[in-house]
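Understanding the architecture of this molecule
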Amino acid sequence: MGTFRVPLEPSKSPNSSSSSSSQPTTTTSTSRIDTINGSHEFKVEGYALSKGMGIGKYVTSEIFTVGGHSWAVYFYPDGKSAEDNGTYVSLFIALASDATDVRALFELSLMDQSGNERHKIHTHFGRVLETGPYTLKYRGSMWGYKRFFRRTLLETSDYLKDDCLLIQCTVGVVRSYNETPKTFSLPVPPSDIGLHFGQLLESGEGADIKFEVEGEAFAAHKLVLAARSPVLRAQLFGPLKEENVQNIKVEEIQAPVFKALLHFIYWDALPDLQELVGLDTKWAVALMAQHLLAAADQYGLERLRALCEAKLCEDVTINTVATTLALADQHHCVQLKSVCLKFIALPENLKAVMQSEGFDHLKESCPSVITELLKYVAGMNEHAIISYVHGGHILDGTDVNGRRVKQRIY
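Residues numbered from 1 in each chain as written. Predicted model: local features only at pLDDT ≥ 70, side-chain atom pairs only at ≥ 80, totals over all residues. Heavy atoms only, no water.

1. What about the packing of helix 8 (residues 282–298) against helix 9 (residues 302–314)?
The cut-off we apply is this: Axes here mean lines fitted to C-alpha atoms, for a helix over just the part in contact, with angles spanning 0 to 180 degrees between N-to-C directions. By the criteria applied, helices consist of DSSP H or I runs no shorter than four residues and strands consist of E runs no shorter than two, each listed in order from the N terminus. Angles are sorted into four bins: roughly parallel if under 35 degrees, roughly antiparallel if over 145, roughly perpendicular if 65 to 115, and oblique for all others. Less than a right angle of anticlockwise turn of the near helix away from the far helix marks a crossing as left-handed, whereas a clockwise turn marks it as right-handed. For this analysis, residues touch if any pair of their heavy atoms sits within 4.5 Å. Each residue gets one label: Ala, Val, Leu, Ile, Met, Phe, Trp, Tyr, Cys and Pro are nonpolar, Asp, Glu, Lys and Arg are charged, and the others, such as Gly, are polar.
Relative to each other, helix 8 and helix 9 sit at 155°, their axes nearing to 8 Å. Relative to helix 9, the element helix 8 is oriented roughly antiparallel. As for how helix 8 packs across helix 9, the hand of that crossing is left-handed. Contact with helix 8, carried on its side by V285, A286, A289, Q290, L292, L293, A296 and D297, involves L304, R305, C308, E309, K311 and L312 of helix 9 and no other residues of that element. Broken down by class, the residue content of the contact of helix 8 with helix 9 amounts to 9 nonpolar, 1 polar and 4 charged.

2. A word on unusual backbone geometry
Generally, phi is negative for residues other than glycine and the peptide bonds are trans, each holding for most cases. How we decide: Exposure categories follow from relative accessible area, calculated using a 1.4 Å probe and restricted to protein chains: below 20% of the type maximum is buried, above 50% is exposed, and the middle band is partly exposed.
Located in the positive-phi region is D163, a residue other than glycine, with phi close to 60°. Note on placement: D163 falls in the loop between helix 2 (151–154) and strand 10 (164–179). The partly exposed category is assigned to D163, whose relative accessible area is 29%.

3. Remarks on the nonpolar core
Among soluble globular proteins, nonpolar side chains are generally buried collectively. The test is simple: The nonpolar core is taken to be a set of buried Ala, Val, Leu, Ile, Met, Phe, Trp, Tyr and Cys residues, with the residues joined through side-chain atoms within 4.5 Å.
If you look at the biggest cluster of nonpolar residues, it comprises 59 residues, and the most contacted ones within it are F211, L225, F258, L261, I265 and L362. In terms of residues, this core owes the most to one element, helix 6 (residues 255–267), which gives 9 residues. When neighbours within four sequence positions are excluded, F211 is seen to be in contact with E216, A217, F218, A220, L225, L232, I248, V250 and F258. Residues V44, F64, F106 and L165 belong to the second largest nonpolar core, which totals 32 residues.

4. Let's talk about the pairing of strand 12 (residues 216–220)
Using the following cut-off: Pairing between two strands requires that DSSP report at least two bridges joining them.
Relative to strand 12, strand 11 (residues 209–213) is paired through 5 bridges, and the arrangement is antiparallel. Within strand 12, the position partnered with E212 by the bridge is A217.

5. What to know about the environment of H263
Relative to the helices and strands, H263 is located in helix 6. Look at H263 and you get partly exposed, because its relative accessible area is 24%. When the C-alpha positions of H263 and F197 are compared, they lie 9.6 Å apart, and in sequence the two are 66 residues distant. Not counting residues within four places of it along the chain, the set of residues in contact with H263 comprises L201, D268, A269, L270 and P271.

6. Brief notes about the confidence of the model for the protein chain
Here is the rule we go by: How sure the predictor is of each residue is captured by pLDDT, a score from 0 to 100.
In the predicted model, the protein chain carries a mean pLDDT of 84, and 86% of its residues have values of at least 70. Here residues 383–410 is a poorly scored stretch, pLDDT under 50, and it has 63 contacts once near neighbours within four places are set aside; other chains count.

7. Focus on the packing of helix 3 (residues 193–203) against helix 6
What describes two packed helices is the angle between their axes and the distance between those same axes. It is the contact of helix 3 with helix 6, at a shortest axis distance of 7 Å, that shows an interaxial angle of 140°. One element, helix 3, and the other, helix 6, form an angle in the oblique class. Where helix 3 approaches helix 6, its residues G194, L195, F197, G198, Q199, L200, L201 and E202 are matched on the opposing element by L262, H263, Y266 and W267.

8. Overview of the side chain of E309
The test is simple: Charged-residue counts in this description rest on Lys and Arg as positive and Asp and Glu as negative, His and the chain ends being excluded. The salt bridge definition used is simple: a Lys or Arg side-chain nitrogen within 4 Å of an Asp or Glu carboxyl oxygen.
Along the polypeptide, E309 turns up in helix 9. As a buried residue without a salt bridge, E309 has its nearest oppositely charged side chain in R305, at a separation of 4.5 Å.

9. Remarks on the environment of I121
Examined against the element boundaries, I121 turns out to sit in strand 7 (residues 120–123). In the structure, I121 is positioned 47 residues away from Q168 in sequence and 9.2 Å away in space, judged by C-alpha atoms.

10. Quick notes on the environment of D112
The following threshold applies: Contacts described as polar in this section are N or O atom pairs within 3.5 Å, which, within protein, must combine one atom able to donate a hydrogen with one able to accept it, while residues neighboring in sequence count only if both atoms come from side chains.
With respect to the helices and strands, the residue D112 is situated in the loop between strand 6 (102–110) and strand 7. Exposure remark for D112: the relative accessible area of 9% places this residue in the buried category. With 46 residues separating them in the primary sequence, D112 and D158 have C-alpha atoms 5.6 Å apart. When sequence neighbours within four positions are dropped, the list of residues in contact with D112 reads E117, R118, H119, D158 and Y159. Polar contacts involving the side chain of D112 include one to the main-chain amide nitrogen of R118, which spans 3.0 Å.

11. Here we look at the pattern of salt bridges
By the definition in use, this model includes 15 salt bridges. For the salt bridge of D297 with R305, the shortest nitrogen-to-oxygen distance reads 3.4 Å. In this structure, a network of salt bridges that share partners links the residues K51, D78, R151 and E155.

12. A few points about helix 13 (residues 357–365)
Basically, it comes down to this: Starting at the helix axis, one direction is taken to each C-beta atom, and the arc is that of these directions.
Within the span of helix 13, buried status applies to G358, F359 and L362. Axial view of helix 13: buried residues confined to an arc of 100°, hence all on one face. Every exposed residue of helix 13 that faces more than 90 degrees away from the buried side is listed here: E357 and E364.

13. Digging into the side chain of R305
Mapped onto the elements of the fold, R305 is located in helix 9. Owing to a relative accessible area of 12%, R305 belongs among the buried residues under this scheme. Not counting chain neighbours up to four residues away, the residues in contact with R305 comprise L293, A296, D297, H331, H332 and C333.

So, in structure tokens, the structure goes:
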């Protein structure tokens, strides 16, 4: 057999030029600096009663979040500085989260309540700042004005109406980030896995198990159930599973509740509870949410449990709060329990709730909660008195130099 030779490419001289010279590569990026803005409205009711609480004493707003940081507004009815001898009211915004060197723009406004839009505004926005945005060094650092407004003028102005002041605070947290140009732009559709699994449930195609609930049959798929619920996974595939499980009878859960449970397992979303119960009342929807929360806890569906807890927190009413509180206690829903206790403890709600049928159920099923409720009512009243007299709230104010705030616990 002859020898096959591969012809060699002639060698190139180092000085010979390439037929295609390489082009220099240029990349670009952009650094952007902007602000994440948010506003909070703070109403001070009973201004006349706040006078005389003392220089340096304050009332404060609830904590709100802007740009990933927590903030609170502080109002000093008798002023913040002893040297002003109560001549002015003071107004400040404070950093309420653990952070350092937070740069931000601020605006504090005392709102004109006459409709003439003559608000008293101190703002960083819309103007050039010689030293740039204000830097808050630590948790508790403040920006604002010791001499925000002279008290004698305030009390005869349109800012005070029905013994009420309206304060608006805007925060713009400075952020910086880099942008690089995209080489392509392709729209990506949202996830539709829930839709596909939901259609699988509705069609029943490939179903390999049935649940009997109050005489009603529900077809499902073992693998889907096992993937979503640790309880069902153990029941269907665990060491103690029954052989050839194809039918399961479910006790202690109503058929509409189990239907809603399956809907969540496949769709990963709450069904329309109002449509499910067929009644356009908050009471019926709350009752369904209560039963569904208990079922979610039974089957280890933590996301469904959280969704039901959030739903019940939003829909607390006189008629449902006692049974919701009992449910929260039994299933260790800390946030829901706190919301219910706070709602019942309000003077305008307490008597009405105690006269409801649900309250009798609460006393029988969770007697220890009654003791907690009494302590909560007493503590709430004490907190209201201390907050009112001393201006205490979640944060204890500091000076503008940025010394740390001490947390006050009642």
